Amino acid sequence: MGLQEFVVRRIAQLIFTFWVFVTILFVLFRAAPGDPTSMFVGQGMSAEAREETIQRLGLNEPLHVQYFDYMGQLLTGNFGTSFRYNEPVWDILVVKFWNTIILMGSALVLAYVLGVTFGALLGWYRGTSFERGGIIVALMARSSPEFWTGIIVLSIFSFWLGVFPSGGMRSIGVETTSFAGRYLAWDFVYHMVLPMLAGAIYYMATPMLLMRNTMLDVLKADFIEIKKAEGLPESQVLFRHAARNSVLPLVTVMALVSGTAIGGSLVIETVFNWPGMGREMVQSINYNDYPVAMGSFFLMGSVVIVMNFLADLAYGFLDPRVQYD
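Residues numbered from 1 in each chain as written. Predicted model: local features only at pLDDT ≥ 70, side-chain atom pairs only at ≥ 80, totals over all residues. Heavy atoms only, no water.

As for the overall build of the chain
The condition that has to hold: Each helix corresponds to a stretch of at least 4 residues labelled H or I by DSSP, and each strand to a stretch of at least 2 residues labelled E; elements are numbered beginning at the N terminus. Relative accessibility decides the category of a residue: with a 1.4 Å probe and only protein chains considered, values under 20% of the type maximum give buried, values over 50% give exposed, and everything between is partly exposed. Only heavy atoms enter the contact rule, under which two residues are in contact if any of them lie within 4.5 Å. All accessibility values rest on the Shrake-Rupley procedure with a 1.4 Å probe; residue burial counts only the protein chains present in the view.
Within the chain, the secondary structure is distributed over 15 helices and 0 strands. On the principal axes, the C-alpha backbone points of the chain span a range of 85 × 60 × 35 Å. The 325 residues of the chain split such that 40% are buried. Taking all contacts inside the chain whose residues are at least 6 apart in sequence as the whole, residues at least 24 apart take part in 76%. Just so you have it, the chain exposes about 17400 Å², and 65% of that area is on carbon and sulfur atoms.

What to know about the UniProt feature "domain: ABC transmembrane type-1" (unreviewed entry) in the chain
Just so we agree on the cut-off: UniProt positions are given in the numbering used here, feature names are shortened, and annotations may be inferred rather than shown by experiment.
UniProt marks residues 97–311 with the feature "domain: ABC transmembrane type-1" (unreviewed entry), using the numbering shown here. For residues 97–311, the end-to-end C-alpha separation is 22 Å, with 79% helix and 0% strand making up the annotated structure.

So, the nonpolar core
Here is the rule we go by: Think of a nonpolar core as a cluster: buried Ala, Val, Leu, Ile, Met, Phe, Trp, Tyr and Cys residues, connected wherever their side-chain atoms sit within 4.5 Å. Residue ranges assigned to the domains are those given by an automatic or database domain assignment.
In terms of nonpolar packing, the biggest core is built from 75 residues, with Tyr-70, Leu-103, Tyr-203, Met-215, Met-294, Phe-298 and Leu-299 touching the most fellow members. Both domains that meet at this core, namely domain 1 (25–78) and domain 2 (88–318), each give it at least three residues. Among all residues touching Phe-298, those that are not within four sequence positions of it are Phe-18, Phe-21, Val-22, Leu-25, Leu-74 and Phe-79.

Here we look at the pattern of salt bridges
Two side chains bearing opposite charge may form a pair once their charged atoms approach each other closely. Cut-off, in case you're wondering: Each reported salt bridge corresponds to a side-chain nitrogen of Lys or Arg within 4 Å of a carboxyl oxygen of Asp or Glu.
For the structure shown, the criterion picks out 3 salt bridges. Of the charged contacts in the structure, one is a salt bridge between Lys-96 and Glu-280, with a shortest N-O distance of 3.9 Å. Within this pair, whereas Lys-96 is found in helix H5 (residues 89–124), its partner Glu-280 is found in helix H14 (residues 277–286), the two being separated by 184 residues in sequence. Taking the relative accessible area as the measure of exposure, Glu-280 reaches 5% and is therefore buried. In this structure, the salt-bridge partner of Lys-227 is Glu-230, at a minimum N-O distance of 3.8 Å.

Looking at the confidence of the model for the chain
Quick reminder of the rule: One number per residue, pLDDT, summarises how confident the predictor is, and it ranges from 0 to 100.
This prediction gives the chain a mean pLDDT of 82; 91% of its residues lie at or above 70. Per-element confidence in the chain ranges from a low mean pLDDT of 57 for helix H2 (residues 38–41) to a high of 90 for helix H7 (residues 146–160).

Points about the side chain of Ser-246
Counted only if it meets this: We define a polar contact as two N or O atoms separated by no more than 3.5 Å, with the added condition that, inside protein, one atom must be a possible hydrogen donor and the other a possible acceptor, whereas residues neighbouring each other in sequence contribute only through side-chain atom pairs.
Here Ser-246 is to be found in the loop between helix H11 (234–243) and helix H12 (248–263). Given the relative accessible area of 0%, Ser-246 is considered buried. A polar atom in the side chain of Ser-246 sits 2.7 Å from the backbone oxygen of Ala-242. Other than its neighbours up to four places away in sequence, Ser-246 contacts Met-211, Thr-214, Met-215 and Val-218.

Side note on the packing of aromatic side chains
Aromatic ring pairs are reported here in terms of the distance separating the ring centres and the angle at which the planes meet. The condition is simple: Paired rings are identified among Phe, Tyr and Trp, the last through its six-membered ring, by centres lying within 6.5 Å, and are further divided according to the angle between planes into stacked (under 30 degrees), edge-to-face (over 60) and tilted (the rest). A positively charged side chain is recorded as over a ring if its NZ (Lys) or CZ (Arg) lies within 6 Å of the ring centre. The angle to the ring normal must also be within 35 degrees.
Tallied over the full model, the rule gives 15 aromatic pairs. Their ring planes at 15° and their centres at 5.8 Å tell us that Phe-79 and Trp-90 sit as a pair that is stacked. Here Trp-90 lies in helix H5 and Phe-79 lies in the loop between helix H4 (63–75) and H5, a separation of 11 residues in the sequence. Note on Trp-90: relative accessible area 37%, which makes it partly exposed. An aromatic cluster is defined as three or more aromatic residues linked by ring pairs; in this entry it consists of Phe-18, Phe-21, Phe-79, Trp-90 and Phe-298. When the ring centre of Tyr-202 is taken as origin, the NZ or CZ atom of Arg-142, which lies over that ring, is 4.9 Å away.

With respect to the UniProt feature "transmembrane region" (unreviewed entry) in the chain
Here, the residues flagged by UniProt with the feature "transmembrane region" (unreviewed entry) are residues 12–32, 97–125, 146–163, 183–205, 247–272 and 292–318. With 97% helix and 0% strand, residues 97–125 has end C-alpha atoms that lie 41 Å from one another. As annotated, residues 146–163 has a helix share of 83% and a strand share of 0%, and its two end C-alpha atoms lie 21 Å apart.

Quick look at the packing of helix H10 (residues 222–229) against H11
Put simply, the rule is: Each axis is a line fitted through C-alpha atoms, and for a helix only the stretch in contact is used; angles between axes span 0 to 180 degrees, taken between their N-to-C directions. Each angle is binned into one of four classes, with values under 35 degrees roughly parallel, values over 145 roughly antiparallel, values of 65 to 115 roughly perpendicular, and all other values oblique. When the near helix sits turned anticlockwise from the far one by under a right angle, the crossing is termed left-handed; a clockwise turn instead gives a right-handed crossing. Gly counts as polar in this scheme, as do all residues outside two lists: the nonpolar Ala, Val, Leu, Ile, Met, Phe, Trp, Tyr, Cys and Pro, and the charged Asp, Glu, Lys and Arg.
Two elements in contact, H10 and H11, have axes separated by 11 Å at closest approach and are oriented at 150°. Considering the angle they form, H10 stands roughly antiparallel to H11. Pair H10 / H11 crosses with right-handed handedness. Seen from H10, the contacting residues are Phe-223, Ile-224, Lys-227 and Lys-228; seen from H11, they are Val-237, His-241 and Ala-242. In the contact of H10 with H11, the residues fall into 4 nonpolar, 1 polar and 2 charged.

Thoughts on H4
We apply this condition: Take the residue count of a helix, subtract one, and multiply by 1.5 Å to get its expected span. Taken from the helix axis, the directions to the C-beta atoms give the arc we talk about.
In this model, H4 (13 residues) spans 18 Å end to end at C-alpha, consistent with the 18 Å of a helix rising 1.5 Å per residue. Every buried residue of H4 is listed here: Gln-66, Tyr-67, Tyr-70, Met-71 and Leu-74. Down the axis, H4 shows its buried residues gathered within 130° of arc, on one side only. Opposite the buried face of H4, at more than 90 degrees from it, the exposed residues are Phe-68 and Leu-75. Gly-77 sits one or two residues past H4 and shows a positive phi near 75°.

Right under this line is the structure:
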């Protein structure tokens, strides 16, 4: 199998994966007990008004009709209308989606920069107290729940030192309308520091420990000894030759960690009162707001699927040992 056939085959698998994912999503929410009107029955909603609402939302149609309507909407980029807000789902989710992506994307970039750097140093200084201390810190960070890490970060930098705000995405009274004004403002960066730091601490351990283990294998290679014999500076051998040849396994892991981070954004967003998609997803489930909940799951799941697809392609390009079969 050549490279072109490999890419076409992966794209076909991507489309099939999306179809299975969307179908499971539809069945799960339709099989859930209750409907969007059940939250208002206790508030005095009459049986006639409830029936009228169900017909207006199309929930009285057979399940297969609802399924084909939903698939048709997705193919045209229409996520439907929110039962709770009575607004297009995309208008509700687009801002929260970018809030989550920018927060968790920044946290992952910081986690990988720190994890790869310290992982390379741990492998280089194997057998020293620096390596033993680094492994203990990495394991503690990885085994600690996200909410606990977030509370510790809040306690130190917000409640004790008072250098960063305790929550929210911008100061009270600050209003923005454009994308650049929303995410390139200093006030936004100032509020993002603590949730980004908490996420980076939690997700840093995986690339750090993986980088260390890969470095231990690379440092045994003959070309490392040759570079040392050539008299190259230690930092040049470490980062230009050893670390550079150790980062390949991190490509695949980054896709998996990205999916975990996007899915786990709910905890970070709750601790820091961040208006992201994770919180909106939980609220929409509580209100049986199917379109918003399904839209949230679809966007978050799509990020995971696409990241795995890109990692699969990147691994095929970067590693010449990969066989296209």
